[in-house]
Number of protein chains: 2
Amino acid sequence: MVVPFATLLLREQPRIARAVESLTAALPSYVRPAAEYALNGGGKRLRPLLTVLVSRALGGKDQGDGVYPIGAAIELFHVASLLHDDILDNASLRRGREGTHIRYGVPRTLLTADAMVSRAFQTLAETGDPRYMVCATRAVIGTADGEIMEIAHQGSTEGGLESYFDIIAGKTACLLRASCELGALWAGADDATLDLVAEYGHNLGMAFQMADDALDFAPSSETGKPEGGDIREGKLTPPISYHMESLDAPARAEFVRRFAARDFSDEELAELVRAIRAGGFQERTLKLADSFLDKAAAALEGFPAGGDDQAKAALAKAIEFVRNRSA
Amino acid sequence: MVVPFATLLLREQPRIARAVESLTAALPSYVRPAAEYALNGGGKRLRPLLTVLVSRALGGKDQGDGVYPIGAAIELFHVASLLHDDILDNASLRRGREGTHIRYGVPRTLLTADAMVSRAFQTLAETGDPRYMVCATRAVIGTADGEIMEIAHQGSTEGGLESYFDIIAGKTACLLRASCELGALWAGADDATLDLVAEYGHNLGMAFQMADDALDFAPSSETGKPEGGDIREGKLTPPISYHMESLDAPARAEFVRRFAARDFSDEELAELVRAIRAGGFQERTLKLADSFLDKAAAALEGFPAGGDDQAKAALAKAIEFVRNRSA
């Protein structure tokens, strides 16, 4: 019997939540409140779930609960990076409630994020195996690299989708990949299997971001976010790139200039959103995402037998979950 | 022959600088420029020097160069925390040149600091011994805890010097102590020696901060900083605490109220600075610092024989360096 992915997500929530709680409970008293607030923001805990599922898919059901703190550590990295995003964007809300930096102030939130990252590394160090640390530090550095590259490329159309792939491989795929790799380390996977797991996580992460970038052109009524925000922010995502490529030379040159200057009026923006929808560039982006999901599925197929088949089936469901994200 | 501390600082700079360079050279391309800029700001590299000296004082001269990357990692933690301070204070200058966040922007600087911290942890993880990581993560968490406590106590006179000790044990002494502990781990020190090293580093760090807080009341012409800035920022440092204690009950109540509201005029501030100087409260703060330095010296005396005596003498010089900081 294959359990739906959402059911599985829900079923694992309590154990993941307890692991997150016990990590934060060990934080000193001035750090704990903002960390607890930030971590109780109602996220899906997708990353720890991947850690747990990969460890079971490879090592079987009976590995005890030791993998949960490792998954929880990944969640701390992720939520700390969301705190940074909120500070940088000066967003007032996060998932519908007051942002941590609004409630606790920017200095305290920034310092709490630092402590959360260190607490996560500490948890990984406590396994006694330095490979967990090496994997996680590489992921955090890669995430920062991708995010800085994105800032450096704002308004730029150079490099086209190749630059976009480099950016999202860092800012999004890196940590999702590490979530999977840490689960594989826990299961005692060999190097060949670790490569397959990295391939699964990387491609799932790439597709995850592309689906998100297609959603930027979905109606506000569905997403609760302004439409075409990526155009205004000068991010050359696939729908925007496809639109640009569809223009004749003079129109394209004009678009490149305006995109670089980021001076579209509200009306022009609405017109661009309409053109992107009419051109079918969202769907084309989702097709592109599908090609990455196919690679994730192929990697998953190669996972060695002998683990927990239900967990492996759930990892296949995770692929479908991303495939249907903006359907 | 005992080498003066400043000479020793200078003599070790090239090797420490090379270790810092090779750590940053391994950073990915979008992270590297701001990291290199931040790390070339002309700091004294006191923390890596302590790591190197402690390792030699305990393990002898002939331990190879492996301790330098460990010292360099500590410098990355330290400089990353300075980047945060600059962002939070919105300081335009750091050590007389343009701040990293001014040159590279706040988002990029914040992300670069994250990558620097992870690079530092990565370096420690690569030793293969999880104790380095556990020591460093505890220090980074403790630093954040102390800094948040300081923010939470702004304008408060509650807890008096006890609260002050808790704050500076975190925000300053934690990382200095870890600098020493990591050197001791490198030298293969036993637990009893590690305790002595921690005692040395903690007390040196406490005194270091107290000397700094006495300097807050030195003439601007000497420090290049406004006088009595800690009063305006609501930090109950020893000179301010001693002044408060010297007042009669009504004057003290008035001071507590104004300190909490942080509404001193420039004239009142100048008057407070004069009163603190006239009361000899800077000197009393330095005497307090001396009592911590005496504890550091006692711990140093207990270091086991058999290491490099010149390095041990240099650690004694480090104590004198802090003792004379504001003389």
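One can find the structure itself at the top, above this paragraph.
Visitor: I keep staring at the interface of chain A and chain B and nothing clicks. Help me out?
Guide: Accessible area lost upon the coming together of the parts is a frequently used measure of interface size. Contact with chain A, which involves 36 residues of that partner, is made by 36 residues of chain B. Summed over both sides, the interface of chain A with chain B buries roughly 3400 Å², with 79% coming from carbon and sulfur. On inspection of chain A and its partner chain B, the count reaches 6 residue pairs in polar contact (both at pLDDT 80 or more). Elements that contribute at least two residues to the side of chain A that touches chain B include exactly helix H4 (67-89), helix H6 (106-125) and helix H7 (130-152) of chain A. With 14 residues, the single largest contributor to the side of chain A that touches chain B is H7(A). Looking at side-chain class alone, the side of chain A that touches chain B contains 22 nonpolar, 8 polar and 6 charged residues.

Visitor: Would you mind showing me how to read the packing of aromatic side chains here?
Guide: By convention here, two paired aromatic rings are described through the distance between centres and the angle between planes. Residue and element names in this part refer to chain B. According to the stated counting rule, one finds 17 aromatic pairs over all chains in the structure shown. Relative to Tyr104, the ring of Tyr37 lies with its centre 5.9 Å away and its plane at 65 degrees, an arrangement referred to as edge-to-face. Taken as a pair, Tyr37 in helix H2 (residues 32-39) and Tyr104 in helix H5 (residues 100-104) lie far apart in primary sequence, 67 residues in all. According to the relative accessible area criterion, Tyr104 is partly exposed, its value standing at 24%. A centroid spacing of 4.8 Å and a plane angle of 65 degrees characterise the contact between Phe77 and Phe121, whose relative ring orientation is edge-to-face. A residue pair is termed long-range when its members are at least 10 positions apart, and Phe77 in helix H4 (residues 67-89) and Phe121 in helix H6 (residues 106-125) qualify at 44 residues.

Visitor: I would appreciate a short explanation of H4(B) in the present structure.
Guide: Because each turn of an α-helix spans 3.6 residues, side chains separated by three or four positions in sequence point in the same direction. All names here are of chain B. Relative to the 33 Å expected for 23 residues at 1.5 Å per residue, H4 spans 33 Å between its end C-alpha atoms, a close match to the ideal helical length. Most of H4 is tucked away: 18 of the 23 residues are buried. The first or second residue beyond H4 is Asn90, which carries a positive phi of 50 degrees.

Cut-offs and rules
- Residues numbered from 1 in each chain as written.
- Chains lettered and ligands numbered in written order.
- Predicted model: local features only at pLDDT ≥ 70, side-chain atom pairs only at ≥ 80, totals over all residues.
- Heavy atoms only, no water.
- Contact = heavy atoms within 4.5 Å.
- Buried area = accessible area lost by both parts, 1.4 Å probe.
- Polar contact = N/O pair within 3.5 Å; in protein donor to acceptor, adjacent residues only side chain to side chain.
- Helix = DSSP H or I, 4+ residues; strand = E, 2+ residues; numbered from the N terminus.
- Nonpolar A, V, L, I, M, F, W, Y, C, P; charged D, E, K, R; others polar.
- Phe/Tyr/Trp six-rings, centres within 6.5 Å; stacked < 30°, edge-to-face > 60°.
- Buried < 20%, exposed > 50% of the residue type's maximum accessible area, 1.4 Å probe, protein only.
- Expected span 1.5 Å × (residues − 1).

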